[in-house]
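Structural characterization, general
These are the residues of each chain, in order.
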Amino acid sequence: MSLRRIGELDIDQDLPFQVKAWRAQRVAWAGMALVIVGGLVGAFGSGPLAAATTGSPPLTIAYERIDRKHSPTRFSITVDGAATESGKIELWFANDLLDRLIVDEILPEPQEVRAGAERTVFVFTVAVPGEPAAITFDYEPDNIGRHHARIGLVSGPERAFTMIVLP
Amino acid sequence: MDAITRAAIVYATLLVLFRVVGKRSLAETTTFDVVLLLIISESIQQALVDDDNSMTNALLLVITLLGLDVGLSLLNGRWTLFDKLVDDVPLILIDDGTVMTARLRKARIDLADIMQQARQTQGLERIEQIKYAVLERSGGITIIPRAPS
């Protein structure tokens, strides 16, 4: 950089650049504040903006529409009483969804898991047939990007929704 | 590719963030600032390493980060504007005894910071003994005392 004589100092001070830099700095601070507010409300996962629910009885799924890679999260699945009368719940996940997750824990544990070409079916025993049942899948997303998820009951409806996984 | 991409993104993000936060944040050495830098490094470390604890991944990350640093220094040497954007420019805070109050405010420095530096480096006692005070690119403050009369 070029030195200039200012008073008795040889220095590469650049006041016009400095003023622009200060202005840019203030704008960047505002951007940081927006990021913090966005983080608090769940724009980057884990918050009110990220929490979502899809479906209606007999199959309702609560999930995080905005997630982060390798961040622990959960599908909370509620199966209505009408679908539990047989004493069993057969819940399927699309394999292209399961391929993008690392499943940590399933509660309750499935009695049986049946692998298929496009779907994997988890079979759960119901405590009281005819009463609603809750199933949780704790998992960590393993791929970033936009994912189309499909989950359904073998005997009943399918739920499709979109999740975004941030790096 | 993943390790190199992560390293490049983290390097660029930290460069921009620390540039935006202001150079004094790096130059100050209070206990809290040291703790804050340690916390930042811990927060970033997991994002860099992810699940891959192999030596190959570690070496790729280190080489990428150092390589980017070398690349940046070469770009700084070639383009003055780039150098200014990355490393900033020095700023005279006291000009031949005159305190540049507006610049102090913009740079978020007060006279107490300048006097601390004056005492520590030059053993000065009063503002009037300072001829020039310059906020350097590094964030440090250089004190040039008046010649004793």
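Structure shown above.
Reading the values: the criteria
- Residues numbered from 1 in each chain as written.
- Chains lettered and ligands numbered in written order.
- Predicted model: local features only at pLDDT ≥ 70, side-chain atom pairs only at ≥ 80, totals over all residues.
- Heavy atoms only, no water.
- Helix = DSSP H or I, 4+ residues; strand = E, 2+ residues; numbered from the N terminus.
- Buried < 20%, exposed > 50% of the residue type's maximum accessible area, 1.4 Å probe, protein only.
- Pairing = 2+ DSSP bridges.
- Contact = heavy atoms within 4.5 Å.
- Axes fitted to C-alpha atoms, helices over the stretch in contact; angles between N-to-C directions.
- Core = buried A, V, L, I, M, F, W, Y, C linked by side-chain atoms within 4.5 Å.
- Parallel < 35°, antiparallel > 145°, perpendicular 65-115°, else oblique.
- Left-handed = near helix turned anticlockwise from the far one by under 90°.
- Nonpolar A, V, L, I, M, F, W, Y, C, P; charged D, E, K, R; others polar.
- Buried area = accessible area lost by both parts, 1.4 Å probe.
- Salt bridge = Lys/Arg side-chain N within 4 Å of Asp/Glu carboxyl O.
- Polar contact = N/O pair within 3.5 Å; in protein donor to acceptor, adjacent residues only side chain to side chain.

As a further point, take the environment of Pro148 of chain B. Residues and elements named next belong to chain B. Looking at the secondary structure, you find Pro148 in the segment after β4 (141-145). According to the relative accessible area criterion, Pro148 is exposed, its value standing at 80%. Distance from Pro148 to Gln129, taken between C-alpha atoms, is 8.3 Å for residues 19 residues apart in sequence.

Bringing the sheet that holds strand β2 (residues 98-99) of chain B into the picture now. All names here are of chain B. Pairing within the open sheet is antiparallel, and its 4 strands lie in the order β2-β1-β3-β4. Edge positions in the sheet fall to β2 and β4, since each has one partner strand and no second. Sitting on the sheet, helix α7 (residues 111-122) is in contact with β1 (91-95), β2, β3 (130-135) and β4, with an inclination near 65° to β4.

Grouped together as the largest cluster of nonpolar side chains are 27 residues, with contacts concentrated most on Phe75, Ile77, Ile89, Leu91, Phe93 and Phe137 of chain A. If you tally residues by element for this core, the top one is strand β11 (residues 133-141) of chain A, at 4 residues. Core analysis: the next-biggest nonpolar cluster, separate from the first, contains 16 residues, Trp22 of chain A together with Leu91, Ile94 and Ile130 of chain B among them.

The description of two helices packed together rests on the angle between their axes and the distance between the axes. All names here are of chain B. Between helix α1 (residues 2-21) and helix α4 (residues 55-78), the shortest axis-to-axis distance is 9 Å and the interhelical angle comes to 45°. Here α1 is positioned oblique relative to α4, judged by the angle of their axes. As for how α1 packs across α4, the hand of that crossing is right-handed. On the side of α1, the interface is formed by Ala3, Ile4, Arg6, Ala7, Ala8, Tyr11 and Leu15, while α4 contributes Asn57, Leu60, Leu61, Thr64, Leu65, Leu68, Asp69 and Leu72. Per-class residue counts for the contact of α1 with α4 are 11 nonpolar, 2 polar and 2 charged.

Time to look at the interface of chain B and chain A. Counting from both sides, the interface comprises 29 residues of chain B and, opposite them, 21 residues of chain A. Of the roughly 2,100 Å² buried at the junction of chain B and chain A (both faces included), carbon and sulfur atoms supply 62%. It is Val20, Pro90 and Lys106 of chain B that lose the most area in chain B upon contact with chain A, and together they represent 24% of the buried surface on that side. Linking chain B with chain A are 3 salt bridges. Across the pair Lys84 of chain B and Asp14 of chain A runs a salt bridge whose closest N-O atoms are separated by 2.4 Å. In this assembly, chain B and chain A are joined by 8 residue pairs in polar contact (both at pLDDT 80 or more). For the side of chain B that touches chain A, the elements supplying multiple residues, two or more each, are α1, α5 (80-87), β1, α6 (101-106) and β3 of chain B. When its residues are assigned to classes, the side of chain B that touches chain A shows 13 nonpolar, 2 polar and 14 charged.

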